[in-house]
There are 2 protein chains.
Amino acid sequence: MPPTVFIVSDGTGITAETFAHSILSQFDQKFRLVRVPFVDSTEKAHATIAKINEAVSLDGRRPIVFTTLVDSASNEIVRRSNALVLNMFQTFIEPLELELDIKSTHAMGRVHQNADTEEYKNRIEAINFSLAHDDGQSNRNLSDADVILVGVSRSGKTPTSLYLAMQYGVKAANYPLIPEDFERGRLPTPLLPYKEKMFGLSIDPQRLAEIRNERRPGSKYAALENCRYEINEAEAMMKREGVKWLSSTHKSIEEIATTILQEIRLERPSYY
Amino acid sequence: MPPTVFIVSDGTGITAETFAHSILSQFDQKFRLVRVPFVDSTEKAHATIAKINEAVSLDGRRPIVFTTLVDSASNEIVRRSNALVLNMFQTFIEPLELELDIKSTHAMGRVHQNADTEEYKNRIEAINFSLAHDDGQSNRNLSDADVILVGVSRSGKTPTSLYLAMQYGVKAANYPLIPEDFERGRLPTPLLPYKEKMFGLSIDPQRLAEIRNERRPGSKYAALENCRYEINEAEAMMKREGVKWLSSTHKSIEEIATTILQEIRLERPSYY
């Protein structure tokens, strides 16, 4: 029976969950996860305690609670439950208050309460841009792109573009490199003015063949030999044209996106 | 001059940044953010210190450092910098080791090192599914969808679907409700077998008119009166057909997605 882990938040709990996940992945042990979002009243805090205590009798051990509750009264309630309570907010708010010599606002749900802000609108705009410029669908407004990803079909361009847009508000277009480009031996013409904001994705031919075979089993498109040819040509072209690139083979979307931001100097100074 | 905040991580630093953002948003104060990802050697830890100490002389005050470094030697190096160092990992790893009575693995980059896992493949598959089923593009495999979002054009279906896929690996199709549906007074026929996994998005007509006017200024499509009509009809239809829905007006994608997961019982037990 794996230990139960509660994620208790007055908002979505997404931040808390992501963080808890990264900490728990340091243990060679399975955990059962229970999300308790939107705990924005003391009534809901009491209801949460009931759930926690139920887990104690089910599991025969006290659960682990990651909480980002901001409200002191609700915090006090949850703190009294029969669990290891790890309060991610309070732990860091206090040293920061001392350091900055100001009090925190203790306002609930501040993180995502930005649906009406400029930053949020930029994110939505970036998502729409990336969707409209997925897979070379449109050459319009390419000059507005922050980055243009290139690579052969199924090298990871689409999820990376969407992640860049969603996480960072980066307008990421993507454009396929296809056999016709390799025959001409040149980058697609519409991209030529934008070389400095292009970034390439490559992938191990073996892995590419596996991915393509899931889509079109037994096709020439998915054949290992063809994948080798396309990847060789694409990498040679990117080197020749001075386009930076990386191999997506063993990288997650998050790792690819972060690397691109660094390499292409999209790292504008951020302010919170 | 806002205080400088460093996000120092041996991986992408995305988790650390999201978490730092949520804590810093508790202060009515601007911060300048510097991301330092992929600090996976003591050399890079030393280079990071140099950057931190540079900020001290530029700002005339010591910066704040959020770190999720796992390696003890690198941690020790960063800890000695002239900064308020908040170590998000160490802080919680210790009480967890005591509670679980096992040692953590201290393995670097565990979070996103899962590009080859089943869970990661499911996420990519969900993204592809959501893209293929965006805006009613395809009625194929709707039976495979975990959720089908419905709503009038520009009510927030597309970003929510993509977020559900990317964050939770949920296969989210989305389908527009259009004037023809309102005239017939029925949900789109291809959706009828899937009522129990439909979820509606509505939006304040005023806000909808603003959004639509950005796309097609002065059109009938964007006119406030038309937006009012469509929203009235859509909400009436969802009530009549027993489709759960929420208003996306003041909600972020994250809040909408979390609410949908809860409402439609996509909350399968998760294990880490």
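Residues numbered from 1 in each chain as written. Chains lettered and ligands numbered in written order. Predicted model: local features only at pLDDT ≥ 70, side-chain atom pairs only at ≥ 80, totals over all residues. Heavy atoms only, no water.

### Details of the overall build of chain A
Along chain A, the regular secondary structure elements total 10 helices and 9 strands. A compact globule built from 272 residues would reach a C-alpha radius of gyration of about 19 Å, whereas chain A, at 24 Å, exceeds it by more than 25%. Over its C-alpha atoms, taken along the principal directions, chain A stretches across nearly 70 × 45 × 30 Å. Excluding contacts between residues fewer than 6 apart, the proportion of contacts in chain A whose partners are at least 24 apart in sequence is 69%. Computed over 33 positive and 37 negative side-chain charges, the inter-centroid distance for chain A is 3 Å. (Helix = DSSP H or I, 4+ residues; strand = E, 2+ residues; numbered from the N terminus. Rg over C-alpha atoms; globule rule 2.2 N^0.38 Å. Contact = heavy atoms within 4.5 Å. Lys, Arg positive; Asp, Glu negative; His and termini not counted. Charge placed at Lys NZ, Arg CZ, Asp CG, Glu CD.)

### Quick notes on the interface of chain A and chain B
Taken together, the contact pairs 87 residues of chain A with 86 residues of chain B. Taking both partners together, chain A and chain B bury about 8600 Å²; carbon and sulfur atoms supply 64% of that area. Notably, a salt bridge pairs B:Glu254 with A:Arg123, separated by 2.9 Å at the nearest N-O pair. Along the contact surface separating chain A from chain B lie 8 residue pairs in polar contact (both at pLDDT 80 or more). Of the residues belonging to the side of chain A that touches chain B, the class tally is 39 nonpolar, 25 polar and 23 charged. (Buried area = accessible area lost by both parts, 1.4 Å probe. Salt bridge = Lys/Arg side-chain N within 4 Å of Asp/Glu carboxyl O. Polar contact = N/O pair within 3.5 Å; in protein donor to acceptor, adjacent residues only side chain to side chain. Nonpolar A, V, L, I, M, F, W, Y, C, P; charged D, E, K, R; others polar.)

### Examining the domain arrangement of chain A
When the domains of chain A are assigned, the result is domain 1 (4-100) and domain 2 (118-263). Between the C-alpha centres of domain 1 of chain A and domain 2 of chain A there is a distance of 39 Å. (Domains from an automatic or database assignment.)

### As for the packing of aromatic side chains
Here a ring pair, both rings aromatic, is described through the centre-centre distance and the interplanar angle of the planes. Applying the stated criterion across every chain yields a total of 6 aromatic pairs over all chains. With centroids separated by 4.5 Å and ring planes inclined at 5 degrees, the aromatic side chains of A:Phe19 and B:Phe19 adopt a geometry described as stacked. In this pair, A:Phe19 is assigned in helix H1 (residues 14-24) and B:Phe19 in helix H1 (residues 14-24), connecting two distinct chains. Judged by its relative accessible area of 0%, A:Phe19 is buried. When the centroid spacing of 6.1 Å and the interplanar angle of 80 degrees are considered together, the rings of A:Phe19 and B:Phe92 count as edge-to-face. With A:Phe19 in helix H1 and B:Phe92 in helix H4 (residues 88-100), the pair connects residues from two separate chains. A residue is classified by how much of its surface remains accessible, and B:Phe92, at 2% relative accessible area, is buried. Here the aromatic cluster, defined as three or more aromatic residues joined through ring pairs, consists of A:Phe19, A:Phe92, B:Phe19 and B:Phe92. The ring of A:Tyr221 has A:Arg216 sitting right over it, with the charged end atom 4.4 Å from the ring centre. (Phe/Tyr/Trp six-rings, centres within 6.5 Å; stacked < 30°, edge-to-face > 60°. Buried < 20%, exposed > 50% of the residue type's maximum accessible area, 1.4 Å probe, protein only. Lys NZ or Arg CZ within 6 Å of the ring centre and 35° of its normal.)

### Notes on the pattern of salt bridges
Residue and element names in this part refer to chain B. Throughout the structure, instances matching the rule amount to 24 salt bridges over all chains. Here Arg212 ties to Glu230 by a salt bridge, and the two come within 3.0 Å at their closest N and O atoms. Residue Arg212 is located in helix H8 (residues 205-215), and its partner Glu230 is located in helix H9 (residues 224-241); the two are separated by 18 residues in the primary sequence. There is no split in this pair, since Arg212 and Glu230 are both buried.

### Observations regarding unusual backbone geometry
A negative phi angle is the norm for most residues apart from glycine, just as the trans form is the norm for most peptide bonds. Positive phi is not limited to glycine here, since A:Asp135 has a value of about 55 degrees. With respect to the element layout, A:Asp135 can be found in the loop between helix H5 (118-132) and strand S5 (147-151).

### Quick look at the UniProt feature "binding site: ADP" (unreviewed entry) in chain A
Within this numbering scheme, the UniProt entry marks A:Gly151, A:Val152, A:Ser153, A:Arg154, A:Ser155, A:Gly156, A:Lys157 and A:Thr158 as carrying the feature "binding site: ADP" (unreviewed entry). Of note, A:Gly151 is situated in strand S5. Excluding residues within four positions of it along the chain, A:Gly151 makes contact with A:Lys157, A:Tyr175, A:Pro176, A:Leu177 and A:Leu201. Locating A:Thr158 in the fold gives a position in helix H6 (residues 157-168). What A:Thr158 contacts, discounting residues up to four positions off in sequence, is A:Asp134, A:Asn174 and B:Leu131. (UniProt positions renumbered as here; feature names shortened; annotations may be inferred.)

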